[in-house]
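# Structure at a glance
These are the residues of each chain, in order.
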Amino acid sequence: MKILCVSDAIDPMIYNQNAREIFPDIDLILCAGDLPMDYIDFIVSVFNKPTYFVFGNHNLKEFKYYDKSELSNLTGTRTMQDTSSSHAHGGQYLGFTSEVNHELSFTDPVTGKKTPLLIAGVPGSIKYNNGQNQYTDGQMKRRLLRMVPRLLYNKWRYGRYLDIFLTHATPRHIHDKEDPCHKGFESMNWFVEKFKPTFMVHGHIHLYDMREERIGKYWDTVIVNAYAHTVIELPLTEDKLKEITERGNQ
């Protein structure tokens, strides 16, 4: 399963009528925040593939239409059969929500069996000016805790908690910065270490210096900065990890 990850910048390689030819074998698209909704619309219409998104701390014009449903679903999970997860823009919003996607299955390298995709999402950034979609670390921790029952069920049912953790912000001291806006969440460090998603895909941190790390492994999770675009794959083998790390950090 090839996964196109995008965030924070309109990339001319993506915002291109030939994008499907440039990326011909994409199965899933993840939008990690701070992207205009019409850009997400374009991605959905051109690729015609399942697309998940979260909001960041900018481009929040339409956040109000999703915020109430987000708050009412803090303890919930959704499946592809749940029509409440479908919105007019074609992408599916992951706001403090876990999903099991049976249509996006892959072969588990451990068991050799087909397994559905397990994905969860968290919007927003650390609170720095009391703006929309900003949270203190304590507020974020409480929201993450509400997803724990579903993750425990995943572990019992599928043998793992989570495949992909889609966020806008970063964990603390991993890909983050020291200015008030771009600090990561300590609570995300706890979450990633405890629940071991194969990938954590985030945005928020712009990569202007190509010497900065885009993809790195922490605990048992590969943490990916989706700025502009990058491509990852499931299932993740050591050879695939080496390939996507080298490609992503070039």
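As the structure is a computational prediction, the values presented were derived from the model and not from experiment.

In this section: the overall build of the protein. When you go through the protein residue by residue, the secondary structure sums to seven helices and 14 strands. On C-alpha atoms alone, the protein measures out to a radius of gyration of 17 Å, which is about the 18 Å that the 2.2 N^0.38 rule sets for 250 residues. Counting only C-alpha atoms, the protein reaches 45 × 40 × 35 Å along its principal axes. Taken across its 250 residues, the protein has 54% of its residues classed as buried. Taking as baseline every contact in the protein between residues at least 6 positions apart, the subset at least 24 positions apart corresponds to 63%. As displayed, the protein offers around 11,200 Å² of accessible surface, 50% of which is attributable to carbon and sulfur atoms. Across the protein, the 29 positively charged side chains and the 31 negatively charged ones have centroids separated by 6 Å.

Scanning the entire structure with this criterion turns up zero disulfides. Summary of cysteine pairing: Cys-5 is not part of a disulfide, and the nearest cysteine sulfur, belonging to Cys-31, is at 9.2 Å.

Time to look at the layout of surface pockets. Gaps between atoms show up when a probe of the same size as a water molecule is rolled over them. Roughly 500 Å³ of internal volume is contained in the largest pocket. Forming the boundary of the largest pocket are 24 residues, of which Val-110, Arg-160, Asp-163, Lys-196 and Thr-198 lie nearest the centre. Each residue belonging to the lining of the largest pocket can be placed in one class, and the counts come to twelve nonpolar, four polar and eight charged.

Glancing now at the environment of His-206. By the secondary structure assignment, His-206 is in the loop between strand 11 (199-202) and strand 12 (215-218). Residue His-206 is classed as partly exposed on the basis of its relative accessible area, which comes to 28%. A sequence separation of 171 residues divides His-206 from Leu-35, and the C-alpha atoms of the two residues are 13 Å apart. Contact partners of His-206, with chain neighbours within four places excluded, come to Asp-8, Glu-212 and Tyr-227. At a separation of 3.5 Å, a polar atom in the side chain of His-206 contacts the side chain of Asp-8.

Where helix 4 (residues 137-145) contacts helix 6 (residues 186-195), the two axes come as close as 8 Å, and the packing angle between them is 25°. The pairing of helix 4 with helix 6 is recorded here as roughly parallel in orientation. Between helix 4 and helix 6, the contacting residues are Asp-137, Met-140, Lys-141, Leu-144 and Leu-145 on the first element and Glu-186, Ser-187, Met-188, Trp-190 and Phe-191 on the second. Split by residue class, the contact of helix 4 with helix 6 holds six nonpolar, one polar and three charged.

Attention now moves to the sheet that holds strand 3 (residues 51-53). Pairing is mixed across the open sheet formed by five strands, whose spatial order is 5-3-2-1-14. Both edges of this open sheet fall to strand 5 (92-93) and strand 14 (230-233), since each of them pairs with a single strand only. Sheet topology note: the strand 1 (residues 2-6)/strand 2 (residues 28-31) ladder contains four bridges and is parallel. Opposite Leu-4, over in strand 2, you have Ile-29 as the bridge partner.

Here helix 7 (residues 238-248) has its buried residues at Leu-241, Ile-244 and Gly-248. Taken end-on, helix 7 shows its buried residues confined to a sector of 75°, consistent with a single buried face. Of the exposed residues in helix 7, the ones pointing more than 90 degrees away from its buried face are Glu-238, Asp-239 and Lys-242. Those residues of helix 7 that are buried lie in contact with strand 11, strand 12, strand 13 (221-225) and strand 14.

Conventions we followed
- Residues numbered from 1 in each chain as written.
- Predicted model: local features only at pLDDT ≥ 70, side-chain atom pairs only at ≥ 80, totals over all residues.
- Heavy atoms only, no water.
- Helix = DSSP H or I, 4+ residues; strand = E, 2+ residues; numbered from the N terminus.
- Rg over C-alpha atoms; globule rule 2.2 N^0.38 Å.
- Buried < 20%, exposed > 50% of the residue type's maximum accessible area, 1.4 Å probe, protein only.
- Contact = heavy atoms within 4.5 Å.
- Areas by Shrake-Rupley, 256 points an atom, 1.4 Å probe, with all protein chains shown as cover.
- Lys, Arg positive; Asp, Glu negative; His and termini not counted.
- Charge placed at Lys NZ, Arg CZ, Asp CG, Glu CD.
- Disulfide = S-S within 2.5 Å.
- 1 Å grid on protein atoms, 1.4 Å probe; cavity = no way out; pocket = protein on both sides within 12 Å on 5 of 7 lines; lining within 4 Å.
- Points joined across faces, edges and corners; volume = space filled by probe spheres on them.
- Nonpolar A, V, L, I, M, F, W, Y, C, P; charged D, E, K, R; others polar.
- Polar contact = N/O pair within 3.5 Å; in protein donor to acceptor, adjacent residues only side chain to side chain.
- Axes fitted to C-alpha atoms, helices over the stretch in contact; angles between N-to-C directions.
- Parallel < 35°, antiparallel > 145°, perpendicular 65-115°, else oblique.
- Pairing = 2+ DSSP bridges.
- Arc of directions from axis to C-beta.

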